[in-house]
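If you want the building blocks of each chain, they are given just below.
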Amino acid sequence: MFNNHIFSSPCREESWSRLRDKCMGIMALLAMVGSLHAQSTEERLALDFNKTHDEVKQYIQRYIPDVTEAQIDHWEKTRALETCYINGKKWYFHNAAPNLFRIDPQCRAIKLQKDGEQKSAYMEDERIDIPAIMKAAPHSAYRLGPAHRMRVTYTLTVKPDVVPAGETIRCWLPFPRTDVKRQTNVRLLSTSNKKYIKSPAAYNHSSIYMEQKAEAGKPTVFSEVFEYTSHGSWFGLKPEKVKPYDKTSALYRKYIANRREHIIVTPRIQHLADSITSGITNPLLQARALFTYIDANYPWASAREYSTIQNIPEYVLDNHHGDCGQVTLLFLTLCRAKGIPGHFESGFMVHPDEKNLHDWGEIYFEGVGWVPVDQSFGRPYWATDDSTRYFYLGGIDSYRLIVNSDFGMPFYPAKRYPRSETVDFQRGEVEWQGGNLYFNKWNWDIKVEYLN
C-alpha cells in the first residue's frame, strides 16, 4: 500500500519532479534517436542517389547517341536504371548509368562492341593461381594450396573538424581472423596508438579498437600494420562423397535457420530454390544448380549501401543484379531453403592486380565439412572442364584477407551508435559521443606488400 504522505514532503516532491523530468528526458531522447535514425537513412540514400536525369542521359549518350525518353522509362521500369524518390524528387543511383551497361543485355552488347572485352584484373591472377591450388590441395590434410605471405598497412582517416576538438573518436579497424585454417601466422606489427584492444576470436567481426582525441583543423588518423599468410583451398567435391545430413545436430539447426535481416527463406525464395533444383536430391548437385543459376542470371553491378536495403536477397531478385555480398546472401538463403547449411564470410580480395572489399561464403556438406564458395567470382571464363569451371564452389584463391565469419554481429568493445555498415565490416567503423561517423566523414586505404 502506498503511503500518501510521502508525496507531501518537499524533498520527496523534489525527487518526484526530478524523476519525472528524467523520464521525460529519456522519452525525448528516444524520440530524437528515432528521428535521427530515419534522418540517417534518408541522408544515406541521398549520398547514394545523387545523379540527375540529365547526367544519366549524357552518360548513356556516349554509347547510344539517339537514346529516347521512352527507352529510359523502360530501363527504369525493368530496374536496369535504379532510381529513388527523395523529398518528392526522383534521383538516380550514382552508378546507375554504368550499371545499365552491365545489367541490360542489349546495352551490354552495345558497350562491348564499342569498348571491346574488358576483364577484371584479378581474372588474370587467378589463371595462374587456380591450377596451382588444384594441383597441390589434394595432397594437403586441410585441402590447402600455395600460400602468400603479405604485409598490410591499413589506414582510416577522419576528415578535419567533423568532430569538435578535444572530443574522443572511437575507431574499429578490420583485422585478420585467427580461427580459419586458410589464414595463418597472423602477426600485428604496429598500431598508430599504443593502446588498443583486439577483439576475442569468438567475435564474428575481427577488429582492432583504438581511441584518439580530435585536433582542430587536423585529420585524425588510425592505422595498423600486420602480416599474415593466405592459403588457397580446393576440395575437389564429388557427389558420391557427400553424406546425408544429421538434421538433429546443433550445427545443422543453426546454419539452416533464418538470420535476420538478410537470410530469410520467404515463400518466394523457397519456390525459386525448389524450381532451380527440381528433380535433384544430392546436396552438392543442388548447390551447383543454385550457383549456376545465380551466375547466369544476376550480373555483377555496383551496389548502394547495404544499410539502406531491407532484405538483400529479395532486392537482388527484384533488381536482377547484385554485387559480391548481395549474390552471396542470395546463394546462402537459397541453400538454406534446400537444407544446405551456410554462412557469410568476408574481408578483402588482395590480388596483385586488384584489391577491394569482397564477400563470399561457406557451405557445409556432411562427410566433407565446411567449404568456401565465391558466388560473385562464379565460373572462370577461361575454364575448359567442370573441375575448373566450378572451382569457386568448394575452392578459393590464395589472395584473401578474412575479417568476418558472419554478418551484422556485435563489435568488441560494443558500439554505442548504429553502424555505418549494418551488414558487413571491412572499411571500419567510427563514432564519437555525438553519434556515428558515416562513410562521407572519413576515408580508408589499404596497401599490400607481397613477401614471397
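Everything below is about the structure shown above.
These figures come from a predicted structure and were not determined experimentally.

Participant: An account of the packing of helix α4 (residues 96-103) against helix α5 (residues 105-115) is needed here, citing residue identities and associated values.
Facilitator: Two elements in contact, α4 and α5, have axes separated by 5 Å at closest approach and are oriented at 95 degrees. In terms of axis orientation, α4 runs roughly perpendicular to α5. Together, Leu-100, Phe-101, Arg-102 and Ile-103 of α4 and Pro-105, Cys-107, Arg-108 and Lys-111 of α5 make up the contact between the two elements. When grouped by side-chain class, the residues that make up the contact of α4 with α5 number five nonpolar, no polar and three charged.

Participant: Can you break down the side chain of Asn-99 residue by residue, with the values?
Facilitator: Among the structural elements, Asn-99 can be located in helix α4. A residue is classified by how much of its surface remains accessible, and Asn-99, at 2% relative accessible area, is buried. In contact with Asn-99, not counting residues within four places along its chain, are Phe-93, Ala-301 and Ser-302.

Participant: Which residues make up the packing of aromatic side chains, and what values go with them?
Facilitator: What the rule picks out here adds up to 26 aromatic pairs. Ring centres 4.9 Å apart and planes at 45 degrees place the aromatic pair Tyr-63 and Phe-101 in the tilted group. Residue Tyr-63 is located in the loop between α2 (53-60) and α3 (69-77), and its partner Phe-101 is located in helix α4; the two are separated by 38 residues in the primary sequence. The exposure classification of Tyr-63 matches that of Phe-101, with both residues buried. Note on Tyr-245 and Tyr-252: the rings are 5.3 Å apart at their centroids and 45 degrees apart in plane angle, and the pair reads as tilted. The same class applies to Tyr-245 and to Tyr-252, which are both buried. Pairwise contacts between aromatic rings join Tyr-122, Phe-377, Phe-391 and Tyr-392 into one cluster.

Participant: Could you give an account of helix α8 (residues 267-276), naming the residues involved and the relevant values?
Facilitator: Those residues of α8 that sit buried are Ile-269, Leu-272, Ala-273 and Ile-276. Buried residues in α8, looked at end-on, bunch into an arc of 100 degrees, giving them a common side. Every exposed residue of α8 that faces more than 90 degrees away from the buried side is listed here: Pro-267 and His-271. Contacts from the buried residues of α8 go to α9 (283-297), α10 (312-319) and α11 (324-337).

Participant: For the nonpolar core, give the residues involved together with the corresponding values.
Facilitator: Counting 54 residues, the largest nonpolar core has Leu-330, Phe-331, Leu-334, Ile-363 and Phe-365 as the members making the most contacts within it. When residues of this core are traced back to their parent elements, those giving at least two are α6 (122-136), α8, α9, α10, α11, β10 (342-351), β11 (354-365) and β12 (369-373). Counting residues per element, this core draws most heavily on α11, at eight residues. Excluding its chain neighbours within four sequence positions, the residues that come into contact with Phe-365 are Leu-237, Val-242, Tyr-245, Pro-283, Leu-284, Ala-287, Ile-340 and Val-371.

Participant: Lay out the environment of Pro-410 in plain terms, naming residues and giving numbers.
Facilitator: Topologically, Pro-410 is positioned in the loop between β14 (400-404) and β15 (429-432). Sequence spacing of Pro-410 and Tyr-392 is 18 residues, and the spatial spacing of their C-alpha atoms is 29 Å. Setting aside residues up to four positions removed in sequence, Pro-410 forms contacts with Tyr-203 and His-205.

Participant: Summarise the sheet that holds strand β1 (residues 49-51); cite the residues concerned and give the values.
Facilitator: Pairing in this open sheet of three strands is antiparallel, and the strands run β1-β3-β2 from one edge to the other. Pairing within the sheet leaves two strands with one partner each, and these edge strands are β1 and β2 (83-86). In this sheet, neighbouring strand axes are inclined to one another by 65 degrees on average, regardless of whether the strands run parallel or antiparallel. With two bridges joining them, β1 and strand β3 (residues 89-93) adopt antiparallel strand pairing. Note on β3: the bridge partner recorded for Phe-49 is Phe-93.

Participant: Before we move on, could you go through the side chain of Ser-398 and cite the residues and values that matter?
Facilitator: Within the secondary structure, Ser-398 sits in the loop between β13 (395-396) and β14. By relative accessible area, Ser-398 is classed as buried at 0%. A polar atom in the side chain of Ser-398 sits 3.0 Å from the side chain of His-148. Excluding residues that lie within four positions of it along the chain, Ser-398 makes contacts with Asp-129, Ile-133, Pro-146, His-148, Met-150, Ser-230, His-231 and Gly-232.

Participant: Lay out unusual backbone geometry with the relevant residues and their values.
Facilitator: Here Arg-260 and Glu-261 are connected by a cis peptide whose omega angle stands at 5 degrees. With respect to the helices and strands, Glu-261 occurs in the loop between α7 (250-256) and α8. Of note, the amide linkage connecting Tyr-412 to Pro-413 takes the cis form, showing an omega dihedral of -5 degrees. At Asp-161, a position not held by glycine, the phi torsion is positive, near 65 degrees. As for its position among the elements, Asp-161 is in the loop between β4 (144-158) and β5 (168-174). Judged by relative accessible area, Asp-161 falls into the exposed class, the value being 53%. Of note, the phi angle at Asn-185 is positive, near 50 degrees, even though the residue is not glycine. As for its position among the elements, Asn-185 is in strand β6 (residues 183-191).

Participant: Hey, could you go over the pattern of salt bridges for me, with residue numbers and the actual values?
Facilitator: Counted according to the given criterion, the structure contains 28 salt bridges. Asp-295 serves as the salt-bridge partner of Arg-379, at 2.7 Å between the closest nitrogen and oxygen. Residue Arg-379 is located in the loop between β12 and α12 (386-389), and its partner Asp-295 is located in helix α9; the two are separated by 84 residues in the primary sequence. Classification of Asp-295 as partly exposed rests on a relative accessible area of 26%.

Cut-offs applied
Residues numbered from 1 in each chain as written. Predicted model: local features only at pLDDT ≥ 70, side-chain atom pairs only at ≥ 80, totals over all residues. Heavy atoms only, no water. Axes fitted to C-alpha atoms, helices over the stretch in contact; angles between N-to-C directions. Helix = DSSP H or I, 4+ residues; strand = E, 2+ residues; numbered from the N terminus. Parallel < 35°, antiparallel > 145°, perpendicular 65-115°, else oblique. Contact = heavy atoms within 4.5 Å. Nonpolar A, V, L, I, M, F, W, Y, C, P; charged D, E, K, R; others polar. Buried < 20%, exposed > 50% of the residue type's maximum accessible area, 1.4 Å probe, protein only. Phe/Tyr/Trp six-rings, centres within 6.5 Å; stacked < 30°, edge-to-face > 60°. Arc of directions from axis to C-beta. Core = buried A, V, L, I, M, F, W, Y, C linked by side-chain atoms within 4.5 Å. Pairing = 2+ DSSP bridges. Polar contact = N/O pair within 3.5 Å; in protein donor to acceptor, adjacent residues only side chain to side chain. Salt bridge = Lys/Arg side-chain N within 4 Å of Asp/Glu carboxyl O.

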